[in-house]
Amino acid sequence: MSPDEHDELTAAAIARLANVGRAAVANWRRRYSDFPKPVGGSQHSPTFSRVEVEAWLKKTGKGDQLATAGRTDTGTQRLDDLSAILDGHRHGRIRRVPERMFERSIADLTSGQLLARVMVSLLPRSTAAARPAGTNDAGAPAVLDPACFNATLLMAVADRFGDSVKLAGQEIQESAAAVAALNLRSNALGMPYEIYTGDSLLDNQLDMYLGAAAAVVCEPPFDMPQWPSIELATDPRWEFGIPAPRDSELAWVQHCYAHLRPRGVAVIAVTPRTCVQQSGQHIRAALVRSGALRDVIALPKGMGSVPDIYLWVLQRPYGAPDYQAVRMVDLSSLGDAADVPQEFAAWQRLFDDADSTISQAVPRLELLDGDVNLLPSRYIATDIEASADDFTRVTSRLQALYARVGQGMPRFAAPMSPTRHSYVTLGELERAGVLTIRSREATPRAGDLLVRTLGRPPVIATGTADDDTGVAQVVEIDAARLDAHFLATFLRTDANALPVANTLGALSREDLRRCRVPRLTLAEQRRYGDAFRHLQLLEGVFAALAKASANVIDQTVHGLTTGVLAPDFTVMKNTDDANAADEETRKL
C-alpha cells in the first residue's frame with residue numbers, strides 16, 4: 001500500500017500531493033515554523049499527519065495556489081491538448097477537456113505563462129467593473145494584447161477576470177493567430193473575444209478601441225531590428241514623440257497607451273536597453289513628465305523571451321494628471337521567479353511594506369535630472385551598515401582562516417611497493433547484493449551514493465534537501481561491505497572516462513554498471529575513504545573561502561565607491577613573503 005493511502009505521508013508523498021518537487025517540501029519545512037511536525041518515521045525519512053498537512057496547505061494557500069493553477073471558479077481553462085481541440089473543431093464542435101487535466105503547479109508553468117500571470121496581476125480590480133444585469137457583451141470592458149502570439153496573456157486575463165471583460169488581440173503571424181483563437185475558444189467558454197491578423201503598427205485592426213480599452217497587456221516582439229518609423233512618422237499614436245528606428249519597444253509602449261481609456265492601465269514588458277538608450281531619452285522624459293508612467297519593475301532573470309525583463313505600468317489620467325512619484329521596484333535578485341507576486345493584493349502589500357532595498361518611490365524631477373535612466377537599480381541601493389572597522393575584522397578573520405586551512409593540507413607518502421589493483425564492476429557488486437542502483441525518482445537516504453547530472457562528480461547523500469539537486473541515479477550501499485567514500489572517488493575517475501550521450505549529461509544505469517572500482521578489503525576501503533573524505537572536506541572549505549573572499553572584495557569595492565572606505569590601504573608587511581607567495585601561486 002502506498003504512503004498516499006495511509007494517514008501518514010512521507011515528504012515525497014507530500015510533494016506528490018501538492019504537485020511540487022521534494023526540494024519544495026524541504027524548503028517549506030525550513031522556512032515556515034508552523035509546518036506540521038513529524039509524527040513518525042525516522043530522522044532521515046520522517047512521516048507527517050495527512051490531516052495536518054492538508055490543513056496547512058489550505059491555511060497558507062499553497063494548496064489553492066497549486067491546485068487551481070490553470071483554472072478559476074469561472075470555469076476558464078488553459079489549452080494543453082491542442083490536438084483534442086483541433087479534432088473537435090474539424091467535427092464542428094469544441095470538445096471540453098476534463099478540468100482535472102488543467103490542474104498544474106506553478107513549477108509546471110512555462111516562463112511565458114508565469115510572466116503572463118505576473119503582468120495581469122498588476123491590473124487594478126476596476127479593469128472589470130461590475131455591469132448591470134442583462135447588459136450585452138458590447139458593454140463589457142475590453143482588455144487588449146496587440147502582440148498576442150498564442151494568447152498566453154489574454155488567457156491569463158480570462159483566468160483572472162472571467163467573463164466580466166472581453167478580449168481582443170492582434171498577431172502578425174497567421175498560424176499563431178489561429179492558435180490564439182483556438183486557445184481562447186477553449187479557454188473563455190463563451191467569453192467574447194476577437195483575434196485579428198496583421199501588423200499592429202502598420203495595420204492596426206484594434207483601432208476601434210483607441211482611447212476606449214480598460215487595459216492593455218503586451219510583451220512586444222524584441223527581435224525587431226527596426227520599426228517602420230518612416231511610414232508612420234505622422235501617426236497620432238506617438239503622443240510622447242517619434243521613436244528612433246531602432247527603438248521599436250517605445251513604439252509599442254505608445255501604441256498600447258493610445259488604446260487606453262481614462263484611468264485605463266497598460267502593463268508592457270521592455271528590455272533594459274529601452275530603459276537607458278540615449279535615443280529614447282526624450283520619450284522617457286515625456287512619459288515621466290506627463291504622469292503616465294506609474295511603475296517600473298525589474299523581474300528575475302529568465303521570466304520572458306529574453307534574459308532580462310522590465311515591466312512598465314502606465315495609466316492614462318482622468319482630468320488633471322497625477323504627478324505622484326514613480327515606483328521603482330527591483331525583484332531581479334529573487335532566487336525563484338515563482339516568488340514574484342501573482343495577485344493584485346500581493347502587489348499592494350509589496351508596494352506598501354517593502355523596504356528601501358526592494359521598492360522606492362522616486363520623485364519625477366529626480367528621474368528627469370540627467371539621462372532619464374529608468375533602471376530601478378539606479379535608485380535602489382543595498383543598505384550598507386558595515387563600517388571600516390567591520391571590513392578590517394572580516395579581512396583579519398579571512399587571513400586567519402587561510403592560515404589554519406593551509407596547516408590542514410595533507411601530505412601523502414609514496415607506497416612501499418607499486419600498487420596493482422584487481423577490479424570489480426558495479427554490476428558484479430550489484431549481483432552480489434553489495435549495492436543497488438536505483439532511478440533518480442528514489443528517495444535517497446543518508447550514506448547513499450548519488451550519481452549526478454551535467455558531469456558533476458558523485459557525492460554521498462546527507463539526508464537533507466540538498467540531495468534532490470541534479471540526481472541521475474541513487475546507489476544504495478551495504479555499509480557493512482562497502483565504503484561509500486571509497487566508491488565515490490574511484491567511480492569519479494572511471495565515470496569521467498566514459499562518453500555520455502543523454503541530455504542529462506550523466507551515465508545511464510547500464511553504463512554505471514560497467515564502471516569499475518578496485519577489489520579491496522573493507523579495512524583498505526576505509527583507509528582510502530578517510531583520505532578522500534578529508535580531501536573532499538578541504539575542497540569544500542576552499543570553495544567556501546573563495547566565495548567568501550570574492551564577496552568581501554565585492555563589498556570592499558562597494559565600500560570604496562560609496563564612501564564607507566578611504567582608498568588608503570596596507571598590504572603584507574613582508575614584501576619578500578608576498579612576492580614569494582605570488583610566485584608559488586603562478587607555479588601552481
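Check the entry above for the structure.
Below, the structure is looked at part by part. These numbers come from a predicted model, not from an experiment.

## What to know about the overall build of the protein chain
Link 1 in the chain: Per the secondary structure count, the protein chain includes 19 helices and 18 strands.
Link 2 in the chain: Counting every position in the protein chain, which comprises 588 residues, the buried fraction comes to 42%.
Link 3 in the chain: For the protein chain, restricting intrachain contacts to residue pairs at least 6 apart in sequence, the fraction spanning at least 24 positions comes to 73%.
Link 4 in the chain: When the accessible surface of the protein chain is totalled, it reaches about 31200 Å², and 52% of it is carbon and sulfur.

## Quick notes on the environment of Ser-248
Link 1 in the chain: Within the secondary structure, Ser-248 is located in helix 9 (residues 248-258).
Link 2 in the chain: C-alpha of Ser-248 to C-alpha of Pro-225: the two residues are 23 residues apart in sequence and 8.0 Å apart in space.
Link 3 in the chain: Those residues in contact with Ser-248, other than ones at most four positions away along the chain, are Met-224 and Trp-227.

## Let's talk about helix 14 (residues 388-407)
Link 1 in the chain: Taking 1.5 Å of rise per residue, the 20 residues of helix 14 would be expected to cover 28 Å, and the 29 Å separating its terminal C-alpha atoms lies within 8% of that figure.
Link 2 in the chain: Three or more residues of helix 14 are buried, namely Phe-391, Leu-398 and Val-405. For helix 14, the buried positions fall inside an angular range of 55° around the axis, keeping them on one side. Those residues of helix 14 that are exposed and aimed more than 90 degrees away from the buried face are Asp-389, Arg-397, Gln-399, Arg-404 and Gln-407.

## A closer look at the sheet that holds strand 6 (residues 193-197)
Link 1 in the chain: Taken in spatial order, the nine strands of this open sheet run 6-5-4-7-8-10-9-11-12, and their pairing is mixed. The open sheet has two free edges, formed respectively by strand 6 and strand 12 (359-362), since each of these has just one partner strand. Taking the axes of each pair of neighbouring strands and ignoring which way they run, one obtains an average angle of 15° across the sheet.
Link 2 in the chain: Here strand 9 (residues 293-298) pairs with strand 11 (residues 326-330) via four bridges, running parallel.

## Structural notes on unusual backbone geometry
Link 1 in the chain: Its identity as a non-glycine residue notwithstanding, Arg-263 has a phi of 70°, on the positive side.
Link 2 in the chain: Following the sequence through the fold, Arg-263 ends up in strand 8 (residues 260-270).
Link 3 in the chain: Classification of Arg-263 as exposed rests on a relative accessible area of 51%.
Link 4 in the chain: A positive phi is found at Val-372, a non-glycine position, where the angle reads about 55°.

## Remarks on the environment of Glu-171
Link 1 in the chain: Looking at the element boundaries, Glu-171 is found in strand 5 (residues 166-171).
Link 2 in the chain: In this structure Glu-171 comes out as buried when scored by relative accessible area, which is 6%.
Link 3 in the chain: Along the sequence, Glu-171 and Ala-147 sit 24 residues apart, while their C-alpha atoms lie 5.3 Å from each other.
Link 4 in the chain: For Glu-171, the residues in contact, after removing those within four places along its chain, are Ala-147, Cys-148, Phe-149, Ala-176, Ala-177, Tyr-196, Thr-197 and Gly-198.
Link 5 in the chain: Of note is the side chain of Glu-171, whose polar atom sits 2.7 Å from the backbone nitrogen of Phe-149.
Link 6 in the chain: Polar side-chain contacts of Glu-171 include one of 3.1 Å to the backbone nitrogen of Gln-173.

## Side note on the packing of helix 1 (residues 11-18) against helix 3 (residues 50-60)
Link 1 in the chain: For the pair helix 1 and helix 3, the least separation of the axes is 12 Å and the interaxial angle reads 40°. Judged on the interaxial angle alone, helix 3 and helix 1 are oblique. The two elements helix 1 and helix 3 meet at a crossing, and its hand is right-handed. Along the contact surface, helix 1 presents Ile-14, Leu-17 and Ala-18, while helix 3 presents Arg-50, Val-53, Glu-54 and Leu-57.
Link 2 in the chain: Of the residues that constitute the contact of helix 1 with helix 3, the class distribution is five nonpolar, no polar and two charged.

## Quick word on the packing of aromatic side chains
Link 1 in the chain: Under the criterion given, the structure shown has nine aromatic pairs.
Link 2 in the chain: Taken together, the aromatic side chains of Phe-486, Phe-490, Tyr-528 and Phe-532 make up a single cluster linked through ring pairs.
Link 3 in the chain: When the ring centre of Tyr-423 is taken as reference, the NZ or CZ atom of Arg-516 above it lies at 4.3 Å.

## Some points on the pattern of salt bridges
Link 1 in the chain: Under the definition given, this model contains 17 salt bridges.
Link 2 in the chain: As a salt-bridge pair, Glu-430 and Arg-513 come within 2.6 Å of each other at their nearest N and O atoms. Of the two residues, Glu-430 is situated in helix 15 (residues 426-431) and Arg-513 in helix 17 (residues 509-514); the sequence distance between them amounts to 83 residues.
Link 3 in the chain: A residue is classified by how much of its surface remains accessible, and Arg-513, at 21% relative accessible area, is partly exposed.

## A closer look at helix 12 (residues 344-353)
Link 1 in the chain: Residues of helix 12 that are buried: Phe-344, Ala-346, Trp-347, Leu-350 and Phe-351. End-on, the buried residues of helix 12 take up no more than an arc of 160°, which puts them together on one face. In this structure, helix 12 carries Asp-352 and Asp-353 as exposed residues pointing more than 90 degrees from its buried face.
Link 2 in the chain: Elements that come into contact with the buried residues of helix 12 comprise helix 6 (111-121), helix 7 (152-161), strand 9 and strand 11.

## Comments concerning the sheet that holds strand 15 (residues 449-452)
Across a sheet, paired strands are connected by hydrogen bonds in the backbone, their directions being either parallel or antiparallel.
Link 1 in the chain: Read across the sheet, four strands follow the order 14-17-15-16 without closing on themselves; strand pairing throughout is antiparallel. Because the sheet does not close on itself, it has two edges, and the strands there are strand 14 (435-439) and strand 16 (459-460).
Link 2 in the chain: As paired strands, strand 15 and strand 16 are joined by two bridges and run antiparallel to one another. Considered in strand 16, the bridge of Leu-450 is made with Val-459.

## Here's the deal with the state of the cysteines
Link 1 in the chain: Taken as a whole, this structure holds zero disulfides when the rule is applied.
Link 2 in the chain: As a non-bridged cysteine, Cys-256 has Cys-218 as the owner of its nearest cysteine sulfur, 4.1 Å distant.

## Description of the side chain of Glu-249
Link 1 in the chain: You can see Glu-249 is positioned in helix 9.
Link 2 in the chain: Buried charged residue Glu-249 carries no salt bridge. Nearest counter-charge: Arg-273, at 6.0 Å.
Link 3 in the chain: Looking at Glu-249, its side chain comes within polar contact range of the side chain of Thr-271, at 2.8 Å.
Link 4 in the chain: Leaving out residues up to four positions away in the same chain, Glu-249 has contacts with Phe-222, Val-270, Thr-271 and Thr-274.

So, how was this worked out
Residues numbered from 1 in each chain as written. Predicted model: local features only at pLDDT ≥ 70, side-chain atom pairs only at ≥ 80, totals over all residues. Heavy atoms only, no water. Helix = DSSP H or I, 4+ residues; strand = E, 2+ residues; numbered from the N terminus. Buried < 20%, exposed > 50% of the residue type's maximum accessible area, 1.4 Å probe, protein only. Contact = heavy atoms within 4.5 Å. Areas by Shrake-Rupley, 256 points an atom, 1.4 Å probe, with all protein chains shown as cover. Expected span 1.5 Å × (residues − 1). Arc of directions from axis to C-beta. Pairing = 2+ DSSP bridges. Axes fitted to C-alpha atoms, helices over the stretch in contact; angles between N-to-C directions. Polar contact = N/O pair within 3.5 Å; in protein donor to acceptor, adjacent residues only side chain to side chain. Parallel < 35°, antiparallel > 145°, perpendicular 65-115°, else oblique. Left-handed = near helix turned anticlockwise from the far one by under 90°. Nonpolar A, V, L, I, M, F, W, Y, C, P; charged D, E, K, R; others polar. Phe/Tyr/Trp six-rings, centres within 6.5 Å; stacked < 30°, edge-to-face > 60°. Lys NZ or Arg CZ within 6 Å of the ring centre and 35° of its normal. Salt bridge = Lys/Arg side-chain N within 4 Å of Asp/Glu carboxyl O. Disulfide = S-S within 2.5 Å. Lys, Arg positive; Asp, Glu negative; His and termini not counted.

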